[in-house]
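Letter by letter, the chains look like this.
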Number of protein chains: 4
Amino acid sequence: DTPLVIAGKVFSSRLMTGTGKYRCIEEMQKCVNKSGCQIVTVAVRRVQNNVPGHESLAEALDWEKIWMLPNTAGCKTAEEAIRVAFLGREMAKLLGQEDNNFVKLEVIPDSKYLLPDPFGTLEAAEKLVKEGFAVLPYINADPMLAKRLEEVGCATVMPLASPIGSGQGLQTAINLQIIIENAKIPVVVDAGIGSPSEAAQVMEMGSDALLVNSAIALSDNPPAMAYAMNLATVAGRMAYSAGRMPMRSYASASSPLTGTID
Amino acid sequence: DTPLVIAGKVFSSRLMTGTGKYRCIEEMQKCVNKSGCQIVTVAVRRVQNNVPGHESLAEALDWEKIWMLPNTAGCKTAEEAIRVAFLGREMAKLLGQEDNNFVKLEVIPDSKYLLPDPFGTLEAAEKLVKEGFAVLPYINADPMLAKRLEEVGCATVMPLASPIGSGQGLQTAINLQIIIENAKIPVVVDAGIGSPSEAAQVMEMGSDALLVNSAIALSDNPPAMAYAMNLATVAGRMAYSAGRMPMRSYASASSPLTGTID
Amino acid sequence: DTPLVIAGKVFSSRLMTGTGKYRCIEEMQKCVNKSGCQIVTVAVRRVQNNVPGHESLAEALDWEKIWMLPNTAGCKTAEEAIRVAFLGREMAKLLGQEDNNFVKLEVIPDSKYLLPDPFGTLEAAEKLVKEGFAVLPYINADPMLAKRLEEVGCATVMPLASPIGSGQGLQTAINLQIIIENAKIPVVVDAGIGSPSEAAQVMEMGSDALLVNSAIALSDNPPAMAYAMNLATVAGRMAYSAGRMPMRSYASASSPLTGTID
Amino acid sequence: DTPLVIAGKVFSSRLMTGTGKYRCIEEMQKCVNKSGCQIVTVAVRRVQNNVPGHESLAEALDWEKIWMLPNTAGCKTAEEAIRVAFLGREMAKLLGQEDNNFVKLEVIPDSKYLLPDPFGTLEAAEKLVKEGFAVLPYINADPMLAKRLEEVGCATVMPLASPIGSGQGLQTAINLQIIIENAKIPVVVDAGIGSPSEAAQVMEMGSDALLVNSAIALSDNPPAMAYAMNLATVAGRMAYSAGRMPMRSYASASSPLTGTID
């Protein structure tokens, strides 16, 4: 299998995680470790505001090994998201990642469903690409939007499986399948994955990577769940490469009825 | 997590595999190895008849490490299945497993859908239990049948996810869930699992173990698929123990909208 | 389309209903009427015991138009069910249905999941067939059990879509499809149908009829729901006969892109 | 139930159909009749180009009873769609519908998946609304896009259930549910409905109407399927108004176990 490459940078893990919703920073650290992830997304506005659990992020993770993916959570407009993206770039530099131009772009005007705005997202993406960012936009699973974002130079697209934090699993399969078939950039499934089987499922479909946060942080045993997600992501990708058995409408014996008893 | 215990015997792996449908014996060996399984089911009648790929089974696997699970594939009646169960016990003894009384009981009169007969299965199970066998009956996912088989002393029940070799995944969830809730013996899902995500799914529901054969043997790359199934089984079990996040109908932000930008 | 024929008796409606769970007898009457059904199942033991809503069943429905289907609800063993079947036959005679030998056979030992016992059901079915009953057994969706019941002379099989009163819809599709393909007697889906779309779905698969009770009686507006079930059953059957369009993995324009604009 | 009102015009039927893909014009006429529909969509470009089956559309249907919904199928850009919308308005006038300003807006740049472009659609919608059109835009099931189209003054939104002509049924349920919850204008499900059960399903969710073409035209018996769709749409709407029974994870007896036998 070839490794995951985003904006020229090579990653061996295909599972990304986040820092939100954990009970304490030690638990977050353990989970990042168990997940085997190399990319951790961080809400820039939470860090700027010293939200509990984010005061000591600089020390909390080993930023020589973990690639920071600043995100624009909390931004309702393209303008806000662009400003926060620049803040995120500064933050990455302060942590020693001089060449980190990544931004997970979230433009979410609605606070009930937390669904991304396709118009604000495209607008912000175009501008950020011109400013030299590697843009990873969070989107609903619309293949036409995904293609447009690819055309304006985004580094990946990040379609949702189901609404953020809902844990409802893959509810957008038919659109996601088309996005994967058409994309020339990596497809990273973001939001909605609630269990390892769902993580494996999106990888088996041919997603290049996935991002999981709530499903780990809200488990009764987050580090165990982080490790389970790690294994499931690897398993799903391996199965995609290995090729699935054909489905049959009827049965076919594993132990055919050859031979008789005498 | 506690280990899997069947008829007093302890197993650390929760994935079982088979020996059928492989292109060659070397591939089968690799897959057994990669799957991490400790139990391999063998069709007694195929061995008796020297079906290709089964001539040298004695040498093919390391029977000091792998526990043989003789199965009665190809038997249409309780009588046939009972006879084959005894042959299987002899076979296990010849391989050095003196105390192996296991039998995977299959009573399958129909050759199109290969679905098990509940009446023949119960009849054979009762007799085999009396003869000292540890009986693991293959059944459709009927909770009342599962309970009856438990009552007559079976060591496990092995309900199907979907018809053998169909690779259609978990199509019997509602009945399987009830079987799991009620069982005091291990529930081993057998037949129909086509991909690692499906393997993880049945483990997340609380199945104690699962058996996969076609999905590995018929992949384009069986050893890779065997390893993927291994990881997915572990991931699914681990997630079951860790506890799944609650599902929500609406979204919930991983990175809540605290803070403002000025 | 050919009409529904059960035990030589012809019915133009393919929807059956029941008398349980209604708020009052007037509502039940309205619903039976709106549903267009010709067969109504009645719990013999409720009538025997004058359970509220069942005191005046003789007058409540027009038994010259409605065919009574006595059922053995509340019976835990074959013996009980056989006794209740005979009581039901008497009841039908008292209502003027001299030639009514129908019995909806329910043998349900468990009070939590209310799932039928395949062994008690087969035993009772065999005996009742010999006693001249037209036996309509309620079963889990096990194709081998369905075939055996057909072989012993049952008039139909009545597999469940999901557990009684759960309203979870069609959860047994893969087994139900096989039952339908193999049956030479009518297949009547019983239990679990919660909405008209689910009623239409089982008819589109080729079921010969279906029975709905809770989904009507527990609606906020039972008569409207009864009528909706009536329409949906007709729609589903009609679609089955008309033939469904082929599914495609990709899109195909209803209004193809012929022509250009100049 | 209140009737369907679109742009101030009242319709008693909630099923819309089209004119494409029929074997002959007589079959189309029969199906429009059997479907009970009051709105028929017509591809303006097919009429302009005398595509077979569209030469005599003026005479083919009774335009005093059927409301024409001109559509912009075949348009890849906002500009093309706007031009075709004006042609459609002329066409409606020629048929005697002086006050018909309706247009089903389709902007579909891609010819493989036939998915609508959210950007071109919004652009065209804004301009057409200003020109006095009642705009019914065909969209992927993106709630944020649907809201935006409502805000710019569209008369309805027409989200897809699955790609046009695929007959894959409701694959976008989670997004569709949110669109319905949020919309102040009618939600008309368009594309992907393959069977009456699927038609009923989207109506039960609370859709205000639906449009079906391929599923009728490509059936082996289109008029029968048209009638089945008619019934199913009514059934689904009626069930939505009546209120669905609650779902239960466990069973609940229709005929409770009261009473004993002596």
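Residues numbered from 1 in each chain as written. Chains lettered and ligands numbered in written order. Predicted model: local features only at pLDDT ≥ 70, side-chain atom pairs only at ≥ 80, totals over all residues. Heavy atoms only, no water.

Asker: Is there a simple way to think about the overall build of chain A in this case?
Answerer: A count of helices and strands for chain A gives ten helices and ten strands. Radius of gyration (C-alpha) of chain A: 19 Å, near the 18 Å computed for a compact globule of 262 residues. Dimensions along the principal axes, computed over C-alpha positions, put chain A at roughly 80 × 40 × 35 Å. Out of the 262 residues belonging to chain A, those deemed buried represent 66%. The contacts of chain A with a sequence gap of at least 6 include a subset with a gap of at least 24, amounting to 67%. About 9,000 Å² of surface is accessible on chain A, with carbon and sulfur atoms providing 49% of the total. (Helix = DSSP H or I, 4+ residues; strand = E, 2+ residues; numbered from the N terminus. Rg over C-alpha atoms; globule rule 2.2 N^0.38 Å. Buried < 20%, exposed > 50% of the residue type's maximum accessible area, 1.4 Å probe, protein only. Contact = heavy atoms within 4.5 Å. Areas by Shrake-Rupley, 256 points an atom, 1.4 Å probe, with all protein chains shown as cover.)

Asker: So what exactly am I meant to see when it comes to the relation of the copies chain B and chain C here?
Answerer: Between the two chain copies there is a screw-like relation: a rotation about an axis and a shift along it. Overlaying chain B on chain C yields an RMSD of 0.0 Å, the required transformation being a rotation through 180 degrees with an accompanying axial translation of 0.0 Å. Taken together, the rotation angle and the small translation identify this as a two-fold axis. Proximity to the rotation axis, assessed at the C-alpha, singles out Thr 172 of chain B in chain B; its C-alpha lies 3.1 Å from the axis. Here 100% of the interface residues in chain B have copies in chain C that are interface residues too; the copies meet face to matching face. (Least-squares fit on C-alpha atoms with pLDDT ≥ 70 in both.)

Asker: Explain the pairing of strand E4 (residues 39–43) of chain C here, please?
Answerer: For a regular strand, side chains alternate in direction, first toward one face of the sheet and then toward the other. Residue and element names in this part refer to chain C. Counting buried residues in E4 gives five out of five residues, a clear majority hidden from the surface. On E4, burial covers both faces: Ile 39, Thr 41 and Ala 43 on one face and Val 40 and Val 42 on the other are all buried. Examined bridge by bridge, strand E3 (residues 15–18) and E4 share three bridges and lie parallel to one another. Within E4, the position partnered with Gly 18 by the bridge is Thr 41. Once you follow E3 into helix H1 (residues 25–35) and on to E4, the crossover reads as right-handed. The pairing of E4 with strand E5 (residues 67–71) spans five bridges and is classified as parallel. Paired with Thr 41 across the two strands is Leu 69, which belongs to E5. (Pairing = 2+ DSSP bridges. Right-handed = clockwise from strand over helix to strand, strands pointing away.)

Asker: Got a minute to help me understand the state of the cysteines in this structure?
Answerer: In a disulfide, the sulfur atoms of two cysteines are covalently bonded to one another. All names here are of chain B. Within the structure shown, the criterion is met by zero disulfides over all chains. Cys 31 provides the cysteine sulfur closest to Cys 24, a residue in no disulfide bond, and the two sulfurs are 9.2 Å apart. The thiol of Cys 75 is not disulfide-bonded; the next cysteine sulfur, from Cys 154, is found 16 Å away. (Disulfide = S-S within 2.5 Å.)

Asker: Just to check I follow, could you spell out the interface of chain B and chain C for this structure?
Answerer: Frequently, the measure chosen for interface size is the accessible area removed from exposure when the parts meet. Every contact between the two is made by 27 residues of chain B and, on the other side, 27 residues of chain C. Taking both sides of the interface into account, the surface hidden between chain B and chain C amounts to around 2,300 Å²; carbon and sulfur atoms contribute 68%. For chain B, the biggest contributors to the area lost against chain C are Phe 119, Met 144 and Ile 174 of chain B; these three give 31% of the whole. Across the chain B-chain C interface, the total number found is zero salt bridges. On inspection of chain B and its partner chain C, the count reaches four residue pairs in polar contact (both at pLDDT 80 or more). For the side of chain B that touches chain C, the secondary structure elements donating two or more residues are helix H5 (118–130), helix H6 (143–151) and helix H7 (173–182) of chain B. (Buried area = accessible area lost by both parts, 1.4 Å probe. Salt bridge = Lys/Arg side-chain N within 4 Å of Asp/Glu carboxyl O. Polar contact = N/O pair within 3.5 Å; in protein donor to acceptor, adjacent residues only side chain to side chain.)

Asker: Would you explain helix H7 (residues 173–182) of chain D in this entry?
Answerer: Since there are 3.6 residues in each turn of an α-helix, residues three or four apart along the chain are aligned in direction. Those residues of H7 of chain D that sit buried are Ile 174, Asn 175, Leu 176, Ile 178, Ile 179 and Ile 180 of chain D. Buried residues along H7 of chain D sit in contact with helix H6 (143–151), strand E8 (158–159), strand E9 (188–190) and helix H8 (196–204) of chain D.

Asker: What is the right way to read the packing of helix H5 (residues 118–130) of chain D against H6 of chain D from this model?
Answerer: Packed helices, taken two at a time, are described by their axes: the angle between them and the distance between them. All names here are of chain D. With their axes 10 Å apart at the nearest point, H5 and H6 run at an angle of 10 degrees to one another. Here H5 lies roughly parallel to H6, going by the angle between them. When H5 is examined against H6, the residues Pro 118, Thr 121, Leu 122 and Ala 125 are found in contact with a partner set consisting of Leu 145, Arg 148 and Leu 149. In the contact of H5 with H6, the residues fall into five nonpolar, one polar and one charged. (Axes fitted to C-alpha atoms, helices over the stretch in contact; angles between N-to-C directions. Parallel < 35°, antiparallel > 145°, perpendicular 65-115°, else oblique. Nonpolar A, V, L, I, M, F, W, Y, C, P; charged D, E, K, R; others polar.)

Asker: Would you mind showing me how to read the packing of aromatic side chains here?
Answerer: Any pair of aromatic rings gets described here by the distance separating the centres and the angle formed by the planes. Residue and element names in this part refer to chain D. Inspection of the entire model under this criterion finds 14 aromatic pairs over all chains. For the ring pair Trp 67 and Phe 102, a centre distance of 5.4 Å and an interplane angle of 80 degrees mean the geometry is edge-to-face. Of the two residues, Trp 67 sits in strand E5 (residues 67–71) while Phe 102 sits in strand E6 (residues 102–105), which places them 35 residues apart along the sequence. Among the residues examined, Trp 67 registers a relative accessible area of 8% and is labelled buried. Ring geometry for Phe 86 and Phe 133: centres 5.1 Å apart, planes at 90 degrees, overall edge-to-face. Pair noted here: Phe 86 is in helix H4 (residues 78–94) and Phe 133 is in the loop between H5 and strand E7 (134–139), with a separation of 47 residues, a long-range link. (Phe/Tyr/Trp six-rings, centres within 6.5 Å; stacked < 30°, edge-to-face > 60°.)

Asker: Sorry, what's going on with the environment of Ser 214 of chain B here?
Answerer: Mapped onto the fold, Ser 214 of chain B is located in helix H9 (residues 214–217). Separated by 21 residues in sequence, Ser 214 of chain B and Ile 193 of chain B have C-alpha atoms that sit 8.4 Å apart.

Asker: Is there a simple way to explain the environment of Arg 83 of chain A in this structure?
Answerer: When you line up the elements, Arg 83 of chain A lands in helix H4 (residues 78–94). Separated by 64 residues in sequence, Arg 83 of chain A and Thr 19 of chain A place their C-alpha atoms 21 Å apart.

Asker: Looking at this model, I keep getting lost on helix H10 (residues 222–242) of chain A. Mind explaining?
Answerer: Between its first and last C-alpha atoms H10 of chain A spans 30 Å; for 21 residues at 1.5 Å apiece the expected length is 30 Å, and the two agree. With 16 of 21 residues buried, H10 of chain A is to be regarded as a mostly interior element. (Expected span 1.5 Å × (residues − 1).)

Asker: Teacher, can you tell me more about the packing of helix H8 (residues 196–204) of chain A against helix H8 (residues 196–204) of chain B here?
Answerer: Two numbers describe how H8 of chain A lies on H8 of chain B: the axes approach to 8 Å, and their chain directions differ by 170 degrees. What the angle tells us is that H8 of chain A and H8 of chain B run roughly antiparallel. Contacts between H8 of chain A and H8 of chain B involve Pro 196, Ser 197, Ala 200, Gln 201 and Glu 204 of chain A from the first element and Pro 196, Ser 197, Ala 200, Gln 201 and Glu 204 of chain B from the second. Split into classes, the residues belonging to the contact of H8 of chain A with H8 of chain B amount to four nonpolar, four polar and two charged.

Asker: Could you clarify how one ought to interpret the side chain of Asp 190 of chain D in this entry?
Answerer: All names here are of chain D. Locating Asp 190 in the fold gives a position in strand E9. Taking relative accessible area as the criterion, Asp 190 reaches 5% and is therefore assigned buried. At a separation of 2.8 Å, a polar atom in the side chain of Asp 190 contacts the side chain of Lys 104.

Asker: Where do I start with the environment of Pro 186 of chain D in this structure?
Answerer: All names here are of chain D. Relative to the helices and strands, Pro 186 resides in the loop between H7 and E9. Sequence separation between Pro 186 and Leu 4 is 182 residues, and the spatial gap between their C-alpha atoms is 7.8 Å. Beyond its immediate chain neighbours, meaning those up to four positions away, Pro 186 contacts Leu 4, Val 5, Ile 6, Ala 155, Thr 156, Val 157 and Asp 208.

Asker: Whenever I open this one, the confidence of the model for chain A confuses me. Can you help?
Answerer: Caution applies to low-pLDDT parts of the model: their predicted coordinates are not meant to be read in detail. This prediction gives chain A a mean pLDDT of 91; 93% of its residues lie at or above 70. Segment residues 256–262 of chain A: pLDDT under 50, and 16 contacts once partners within four positions in sequence are set aside and those in other chains are kept. (pLDDT = per-residue confidence, 0-100.)

Asker: It is not clear to me how the side chain of Asp 117 of chain C should be interpreted in this structure. Could you clarify?
Answerer: Along the chain, Asp 117 of chain C falls in the loop between strand E6 (102–105) and helix H5 (118–130). There is no salt bridge for the buried Asp 117 of chain C, and the closest opposite charge comes from Arg 148 of chain B, which lies 4.1 Å off by N-O distance. A polar contact is formed between the side chain of Asp 117 of chain C and the backbone nitrogen of Phe 119 of chain C, at a distance of 3.1 Å. (Lys, Arg positive; Asp, Glu negative; His and termini not counted.)

Asker: Any chance you could explain the pattern of salt bridges here in plain terms?
Answerer: Side chains that carry opposite charge are capable of pairing whenever their charged atoms lie near each other. Residue and element names in this part refer to chain A. With the rule as written, the count across this model stands at 36 salt bridges over all chains. A salt bridge links Glu 27 to Arg 23; the nearest nitrogen and oxygen atoms lie 3.1 Å apart. Relative accessible area serves as the criterion here: at 16%, Glu 27 is assigned to the buried category. When salt bridges that share partners are traced, they join Asp 1, Arg 14 and Arg 237 into one network.

Asker: Is there a simple way to explain the pairing of strand E6 (residues 102–105) of chain A in this structure?
Answerer: Residue and element names in this part refer to chain A. Residues Phe 102 and Lys 104 point to one face of E6 and Val 103 and Leu 105 to the other, with burial holding for every one of them. Pairing analysis gives four bridges linking E6 to strand E7 (residues 134–139), with the strands arranged parallel. Note that in E7 the partner of Lys 104 across the bridge is Leu 136. Following the chain from E6 across helix H5 (residues 118–130) to the adjacent parallel E7, one finds a crossover that is right-handed.

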